[in-house]
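Reading the structure
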Amino acid sequence: MADTTQLSNHQIRLASRPVGLPTAANWRSTTEPVQQPGAGGLLVKTLALSLDPAMRGWMNEGKSYIPPVGIGEVMRAGGVGLVVASENPQFAVGDHVSGSLGVQEYLLLSQDQIKRNGLAKIDLRLGSLTQWLNVLGMPGMTGYFGLMDVGHPQVGETLVVSGAAGAVGQTVGQLAKIKGCRVIGIAGGAAKCDWVVNTLGFDACIDYKAGPDAVRDGLKEHCPNGVDIYFDNVGGDILDQVLARLARGARIIICGAISQYNNTTAVQGPKNYLSLLVNRARMQGIVVFDYADRYHLAVAELAGYLKAGRMHSKEDVVRGLDTFPQSLLKLFAGENFGKLVLQVADA
């Protein structure tokens, strides 16, 4: 096993809980020596990290589907990496892995921590490293199980997905097309909308930045018979606009609410929720970790679509661990085009 004792591990830790958008004061950089793994353990070098809107929620105190990141702890992040030292027979030096790596250059894991961090080997023959953080990673798993297990798409139905050019949205829309749905995206800006329609093959895309009535008018134009499935990544006013256009028996998948994550006042809930009653509709949340024992099935199906050219996977890659605080903010300004990935080291 290679000697790693001369290596240093640079880390980004949560220094304080943000109010509104995170600032530089909420983060602290640290450096620690890299240790050798103990019996049954591993040392993983981080290659790339997934930057996700959910990270903002993990920074808040309070009950959620996952415990908050503690003050002083390395910031939680999913990622892909390379095993550089192993005392575990299930992992060899040189294996590529994915799991919860944290915003740091190296992750030392005991045997018990390997499972808790969801560490698993990945096959780069199925997709690139960045695709393993996108269509083949948590966003793809979220889109797949949210659509298939909660949305139950049927041929000919109309699906609307917000954040259509983002990580989850691009998988949801393309998969819905494969399953025979009409797909309407909602995205910010003409370039994203053009890409969603002309590259991903959506039937239409509504530019929510085109004016105060753009979403309402776009839904009226493109969903004349109502919305059968809505995959919600943004919450807020856009959710309300879609609620007003539901078809009978509609299914709404609540994946995220990026418009609300940095509010300094109460979260804005839906005003048009009675549409659920009128249309006998259903609204249900999706947390991807609930489907962990079936990830391999979704990966196999989605990788097949990628290989066949039936799906595309677009990543927006930024470089350098130290850029994490600024890069994370791109999500909340809508500046990323595709899945936002932080490249920490060369493969």
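The structure under discussion appears in the preceding block.
Because the structure is predicted, anything quoted here is derived from the model rather than measured.

Here is what the cut-offs are and how they apply
Residues numbered from 1 in each chain as written. Predicted model: local features only at pLDDT ≥ 70, side-chain atom pairs only at ≥ 80, totals over all residues. Heavy atoms only, no water. Helix = DSSP H or I, 4+ residues; strand = E, 2+ residues; numbered from the N terminus. Contact = heavy atoms within 4.5 Å. Lys, Arg positive; Asp, Glu negative; His and termini not counted. Charge placed at Lys NZ, Arg CZ, Asp CG, Glu CD. Phe/Tyr/Trp six-rings, centres within 6.5 Å; stacked < 30°, edge-to-face > 60°. Buried < 20%, exposed > 50% of the residue type's maximum accessible area, 1.4 Å probe, protein only. Lys NZ or Arg CZ within 6 Å of the ring centre and 35° of its normal. Core = buried A, V, L, I, M, F, W, Y, C linked by side-chain atoms within 4.5 Å. Salt bridge = Lys/Arg side-chain N within 4 Å of Asp/Glu carboxyl O. Pairing = 2+ DSSP bridges. Axes fitted to C-alpha atoms, helices over the stretch in contact; angles between N-to-C directions. Patch = residues over 30% accessible without salt bridge, like charges linked within 9 Å, V, L, I, M, F, W, Y side chains within 5 Å. Areas by Shrake-Rupley, 256 points an atom, 1.4 Å probe, with all protein chains shown as cover. Right-handed = clockwise from strand over helix to strand, strands pointing away.

Here the focus is the overall build of the chain. Helices and strands together make up the secondary structure of the chain, namely 10 helices and 15 strands. Oriented by its inertia axes, the alpha-carbon framework of the chain measures out at about 65 × 45 × 35 Å. Counting only contacts in the chain whose residues sit at least 6 apart along the sequence, the fraction spanning at least 24 positions is 67%. Within the chain, one finds 31 positive and 30 negative side-chain charges whose respective centroids are separated by 4 Å.

With that settled, the discussion passes to the packing of aromatic side chains. Scanning all chains against the criterion turns up five aromatic pairs. Geometrically, the ring pair formed by F145 and Y291 is stacked, given 4.9 Å between the ring centres and 5° between the ring planes. With F145 in helix α3 (residues 138–151) and Y291 in the loop between β13 (282–285) and α9 (295–307), this residue pair connects regions lying 146 residues apart in the sequence. Residue F145 is classed as buried on the basis of its relative accessible area, which comes to 1%. Since its relative accessible area comes to 13%, Y291 is described here as buried. In textbook terms, an aromatic cluster arises when at least three aromatic residues are bridged by ring pairs, as seen for Y144, F145 and Y291. The side chain of R76 reaches across the aromatic face of W58, ending 5.3 Å from its centre. The lysine or arginine in question, K314, covers the ring of F337, its NZ or CZ lying 4.8 Å from the ring centre.

A separate point is the nonpolar core. Of all hydrophobic cores here, the largest spans 47 residues; its most connected members are L136, M141, F145, L159, V196 and L302. It is α9 that contributes the most residues to this core, seven residues altogether. If near-sequence neighbours (up to four positions away) are discounted, L302 is found in contact with V135, L136, G140, M141, Y144, L175 and M311. Core analysis: the second largest hydrophobic core is formed by 32 residues, L14, W27, V44 and F332 among them.

Taken as a whole and judged by the stated rule, the model has 11 salt bridges. Here D52 ties to K339 by a salt bridge, and the two come within 3.3 Å at their closest N and O atoms. Here the residue D52 occupies a position in the loop between β3 (42–50) and α1 (54–58), and K339 occupies one in strand β15 (residues 339–343), the gap between them amounting to 287 residues. Owing to a relative accessible area of 18%, D52 belongs among the buried residues under this scheme. K339 gets classed as buried once you look at its relative accessible area, which sits at 1%.

With that out of the way, let us pick up the sheet that holds strand β9 (residues 182–187). Reading across the sheet, the six strands line up as β10-β9-β8-β11-β12-β13 and stay open at both edges, with parallel pairing between neighbours. The open sheet has two edge strands with one neighbour each: β10 (204–207) and β13. Neighbouring strand axes in the sheet, compared pairwise and without regard to direction, differ in orientation by 15° on average. Pairing of β9 with β10 involves four bridges; the strand directions are parallel. Looking at the pairing, I184 lines up with A204 of β10. Those strands touched by helix α4 (residues 167–178) are β8 (158–162), β9 and β11 (227–232), and its axis lies near 170° from that of β8.

Attention shifts here to a nonpolar patch on the surface. Where nonpolar side chains cluster on the molecular surface, the patch consists of Y273, L274, L277 and V278 and spans about 440 Å² of accessible area. Locating L277 in the fold gives a position in helix α8 (residues 274–278).

Moving on, we get to unusual backbone geometry. Residue H152 is not a glycine yet carries a positive backbone phi of 45°. Take H152: it is sitting in the loop between α3 and β8. Positive phi is not limited to glycine here, since R280 has a value of about 50°. Along the chain, R280 turns up in the loop between α8 and β13.

Another point: α3. Within α3, 11 of the 14 residues are buried, which leaves the element mostly enclosed by the surrounding structure. All of the buried residues in α3 are P139, G140, M141, T142, G143, Y144, F145, G146, L147, V150 and G151. Directly beyond the C-terminal end of α3, a positive phi value near 45° is found at H152.

Before going further, it helps to examine the pairing of β10. Residue alternation in β10 divides its side chains into two sets, A204 and I206 and C205 and D207, and both sets are buried. The β-α-β motif built from β9, the intervening helix α5 (residues 190–198) and the parallel element β10 has right-handed crossover chirality.

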